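# Observations on the three-dimensional arrangement
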Amino acid sequence: MKFLSTVLFLFFSVIFTSFSQSLIVGIPSADIAEKHHLEFTHETQWNFWEKPNKWNSFNFMCYGIGNNAELTLTRNNLDNESSKNLALGFGAKKVFNIFESTPDWEHKVVLGTNFLYSTQRSDLGFWSYALYSLRIPQTRTRLTGGFSYGTSHTYGFRTSLVNNVEMQTSNNIGTFLIAFEQPLTRLLSFIADWYSGTHALAALIPAMQYDIGHHV
């Protein structure tokens, strides 16, 4: 969907009794919710260039179960256009610490899967990802990259004209994911991430992250 590539992005995250963030901006991070801690994230995407205005949202909740793992619950594609792609998801994320002989570099592998159910179409889909993350000790810069594969429950539909009639088909694709996190002060960071492709999530999103306290 084209409008998400020219979006006014409003992003906020409310984290309950937790010290980590399970998303960077729009892609999974190398952080994990602590055991028995709950996190909630709401993402709003708003395009005011076209009429009528288009709004789409993503809601994400995770619960730490220990051993560098968390369970996730999602509600995708709640929007102002009565989307036919509203989906509920349940899944998990696991982070593996590797190359522990060099702990300052924080080498990590991030694996996750979400099983998705379309509330309107009554069919099933999924979204899976694999990421590698490291932190440069001298600057505290964290770099994350990898790939994902998912169904239209995550990536939307592909629109085409057939006999002058607009048709939508499932957009089951693989994408590359890249992210950058740079602490500027103890509380302020510059962050950015990117999905490759031309699907509903394809966008480069930069942001400033401010940690108000342990809970927000």
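One structure accompanies this document, and this report is about it. (Residues numbered from 1 in each chain as written. Predicted model: local features only at pLDDT ≥ 70, side-chain atom pairs only at ≥ 80, totals over all residues. Heavy atoms only, no water.)

### Some remarks on the packing of aromatic side chains
By convention here, two paired aromatic rings are described through the distance between centres and the angle between planes. Condition: Stacked, tilted and edge-to-face are the three classes assigned to paired rings of Phe, Tyr and Trp, where Trp is represented by its six-membered ring and a pair needs centres within 6.5 Å; plane angles under 30 degrees give stacked, over 60 edge-to-face, the rest tilted. Here, a charge over a ring means that NZ of Lys or CZ of Arg falls within 6 Å of the ring centre while also lying within 35 degrees of the ring normal.
Counting across every chain of the model gives three aromatic pairs. Seen from the ring of Phe96, Lys94 lies directly overhead, with NZ or CZ sitting 5.4 Å from the centre.

### As for empty space enclosed by the protein
In this approach, a probe sized like a water molecule rolls over the atoms, and the result shows the empty space that is left. We count it as follows: Any residue with an atom within 4 Å of a point lines the site, the site being either a cavity, points on a 1 Å grid over the protein atoms alone where a 1.4 Å probe fits but cannot get out, or a pocket, an open set with protein on both sides within 12 Å along at least 5 of 7 lines. Grid points are joined across faces, edges and corners, and a volume is the space filled by probe spheres set on the points. The secondary structure listing takes helices from DSSP runs of H or I that are at least 4 residues long and strands from runs of E that are at least 2 residues long, numbered from the N terminus. Each residue is assigned to one of three groups, with Ala, Val, Leu, Ile, Met, Phe, Trp, Tyr, Cys and Pro labelled nonpolar, Asp, Glu, Lys and Arg labelled charged, and all others, Gly among them, labelled polar.
Applying the stated rule across the entire model yields one cavity of 30 Å³ or more. There is about 370 Å³ of room inside the largest cavity. Forming the boundary of the largest cavity are 27 residues, of which Gly26, Phe58, Trp127, Tyr195 and Leu201 lie nearest the centre. Of the residues forming the lining of the largest cavity, the biggest block, five residues, is contributed by strand 4 (residues 69–79). Counted by class, the lining of the largest cavity contains 11 nonpolar, 12 polar and four charged residues.

### A short note on the side chain of Arg135
Quick reminder of the rule: Remark: exposure states derive from per-residue accessible area (1.4 Å probe, protein chains only) relative to the maximum for the residue type, with buried under 20%, exposed over 50%, and partly exposed in between. Counted as a polar contact is a pair of N or O atoms within 3.5 Å, where, for protein atoms, one must be capable of donating a hydrogen and the other of accepting one, and residues adjacent in sequence contribute only when both atoms are in side chains. Residue contacts are defined here by distance: any two heavy atoms, one from each residue, within 4.5 Å place the two residues in contact.
Inspection of the secondary structure assignment puts Arg135 in strand 7 (residues 124–136). Judged by relative accessible area, which is 12%, Arg135 ranks as buried. A distance of 3.2 Å separates the side chain of Arg135 from the side chain of Glu106, its partner in a polar contact. A polar contact is formed between the side chain of Arg135 and the backbone oxygen of Arg140, at a distance of 2.8 Å. Ignoring sequence-local partners within four residues, the contact set of Arg135 consists of Asp104, Trp105, Glu106, Arg140, Thr141, Arg142 and Pro183.

### With respect to the side chain of Thr144
You can see Thr144 is positioned in strand 8 (residues 141–150). At a separation of 3.2 Å, a polar atom in the side chain of Thr144 contacts the side chain of Ser133. Residues within four places of Thr144 in sequence aside, it is in contact with Ile24, Leu131, Tyr132, Ser133, Leu177, Ile178, Ala179 and Glu181.

### Some remarks on unusual backbone geometry
A positive phi is found at Phe99, a non-glycine position, where the angle reads about 50°. Looking at the secondary structure, you find Phe99 in the loop between strand 5 (87–97) and strand 6 (108–118). A relative accessible area of 53% means that Phe99 is categorised as exposed. For Glu106, which is not glycine, the phi dihedral falls at a positive 50°. As for its position among the elements, Glu106 is in the loop between strand 5 and strand 6. With a relative accessible area of 22%, Glu106 lands in the partly exposed category.

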